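# Results of the structural survey
Single-letter residue listing:
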Number of protein chains: 2
Amino acid sequence: MESADLRNAGLKVTLPRLKILEMLETSQERHLSAEDIYRRLIDLNEDVGLATVYRVLTQFEAAGLVQRHNFEGGHAVFELDRGPHHDHMVRLDTGEVIEFVSEEIEALQNKIAEKHGFLVEEHSLVLYVRPKPTKA
Amino acid sequence: MESADLRNAGLKVTLPRLKILEMLETSQERHLSAEDIYRRLIDLNEDVGLATVYRVLTQFEAAGLVQRHNFEGGHAVFELDRGPHHDHMVRLDTGEVIEFVSEEIEALQNKIAEKHGFLVEEHSLVLYVRPKPTKA
DNA sequence: ATAAGTGCAAAGCATTTGCAACCAA
DNA sequence: TTGGTTGCAAATGCTTTGCACTTAT
């Protein structure tokens, strides 16, 4: 029951918010743009405004419910913040987003920052990849 | 003599292009936005248009003369593509950009991509950092 | 000469904001 | 009731484009 998540975040439980949360939870693709979400809701005859989608996503981000990513290509994408941290690979041929985890990279990042006298507050790591050609 | 770089890139040697290249080469900060460059040239009484700065930077990027980075905060920044690859740390308190190199992270990225059947075409790694608090 | 390059103003796109109507608490 | 929420339209901010003029070759 996702109403609890909203209440926890100090947000009133409203139709648009529930629908957007549900969309993020049930969608096949885990990474959706505001426009993606808006279009899908419209297609489902849910009467929301694009501005509301943006506002709600921003609130969700502030509440820690979703993460915002700025991959190449102009628009931001959002994903539900389920559990453990991970980074992303973006297929240059299809646009598909693949998640991965690397403790080693994580550790190295912290080591490097510390060497410079800093602490990593957050980071963004995106690999833009192409399928490995099959041996001829 | 930077005219050669321009000619090499198949670009006519024009005043705006020379000025922009020079700006990137001589500026203290190595990471400048289009607006930054535009403002500085205007202050130097160089009569360029902002649109030209954008066009030139895009051409420079295509020619491999500069790299474009999309750090958080709306606008892109550009830096001269001098030699070896490096990644970036952005200070959250001052906005300062610090460069660093990590062969290990580089290697791990490739290893991970390969494990998934991909090759890394390019990547973006940005650490958002704060000064490490001094021991009390 | 002539194709590329320029400045300006207008257009474009993703995202944000003002505001009157609306609704959860 | 009443302060948070919404949808719409208008505004924003960065970047791109159309076009007539200029310039490098």
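The structure under discussion appears in the preceding block.
First, a word on scope: everything that follows refers to the structure included in this document.

Reading the values: rules and limits
- Residues numbered from 1 in each chain as written.
- Chains lettered and ligands numbered in written order.
- Predicted model: local features only at pLDDT ≥ 70, side-chain atom pairs only at ≥ 80, totals over all residues.
- Heavy atoms only, no water.
- Near = heavy atom within 4 Å.
- Polar contact = N/O pair within 3.5 Å; in protein donor to acceptor, adjacent residues only side chain to side chain.
- Helix = DSSP H or I, 4+ residues; strand = E, 2+ residues; numbered from the N terminus.
- Nonpolar A, V, L, I, M, F, W, Y, C, P; charged D, E, K, R; others polar.
- Pairing = 2+ DSSP bridges.
- Axes fitted to C-alpha atoms, helices over the stretch in contact; angles between N-to-C directions.
- Contact = heavy atoms within 4.5 Å.
- Least-squares fit on C-alpha atoms with pLDDT ≥ 70 in both.

Turning to the protein's contact with DNA strand C, a few remarks are in order. Among the 23 residues in the neighbourhood of DNA strand C, the closest are listed as Tyr54(A), Thr14(B), Arg17(B), Asp47(B) and Thr52(B). When atoms of DNA strand C within 4 Å of the protein are split into backbone and base, the sugar-phosphate part holds 69%. One nitrogen or oxygen atom from the side chain of Lys12(B) is found 3.1 Å from a sugar or linking oxygen belonging to DNA strand C. In this structure, a phosphate oxygen belonging to DNA strand C sits 2.7 Å away from a main-chain N or O atom of Asp47(B). Mapped by element, the contributors of at least two residues to the surface near DNA strand C are α4 (50–62) of chain A together with α2 (15–26) and α4 (50–62) of chain B. For the surface near DNA strand C, the element with the most residues is α4(A), which contributes five residues. Of the residues assigned to the surface near DNA strand C, the class counts are 10 nonpolar, six polar and seven charged.

A few words on the protein's contact with DNA strand D. In the neighbourhood of DNA strand D, 22 residues make up the surrounding shell, with Arg17(A), Asp47(A), Thr52(A), Arg55(A) and Tyr54(B) lying closest. A breakdown of the atoms of DNA strand D within 4 Å of the protein gives sugar and phosphate a share of 63%. The separation between a phosphate oxygen of DNA strand D and a polar side-chain atom of Thr14(A) is 2.7 Å. For the surface near DNA strand D, the secondary structure elements donating two or more residues are α2 (15–26) and α4 of chain A together with α4 of chain B. Of the residues forming the surface near DNA strand D, the biggest block, five residues, is contributed by α4(B). Of the residues assigned to the surface near DNA strand D, the class counts are 10 nonpolar, five polar and seven charged.

Okay, the sheet that holds strand β5 (residues 97–100) of chain A next. Adjacent strands of a sheet form backbone hydrogen bonds with each other and so pair up, either parallel or antiparallel. Ordered by their spatial adjacency, six strands build an open sheet running β5(A)-β4(A)-β6(A)-β5(B)-β3(B)-β4(B), and the pairing between neighbours is mixed. Both edges of this open sheet fall to β5 of chain A together with β4 (97–100) of chain B, since each of them pairs with a single strand only. Going from strand to strand, the sheet's axes swing by 25 degrees on average, the running direction of each strand aside. By the bridge criterion, four bridges tie strand β4 (residues 87–91) of chain A to β5(A) in an arrangement that is antiparallel. For Asp87(A), the partnering residue across the bridge sits in β5(A) and is Phe100(A). Packing of helix α5 (residues 103–115) of chain A onto the sheet brings it into contact with β4 and β6 (118–131) of chain A together with β3 (87–91), β4 and β5 (118–131) of chain B, and relative to β6(A) it is tilted by some 135 degrees. Most of the contacts of helix α5 (residues 103–115) of chain B go to β5(B), to which it runs at about 135 degrees, and overall it touches β4, β5 and β6 of chain A together with β3 and β5 of chain B.

Below, the discussion takes up the relation of the copies chain A and chain B. Rotating chain A by 180 degrees and translating it 0.1 Å along the rotation axis places it on chain B, where the RMSD comes to 0.1 Å. Seen this way, the second copy is the image of the first under a two-fold rotation axis. For chain A, the smallest separation between a C-alpha atom and the rotation axis is recorded for Leu125(A), amounting to 2.2 Å. By residue overlap, the copies meet face to face through one surface: 100% of the interface positions of chain A are interface positions in chain B.

Any functional reading would require information that these geometric values do not contain.
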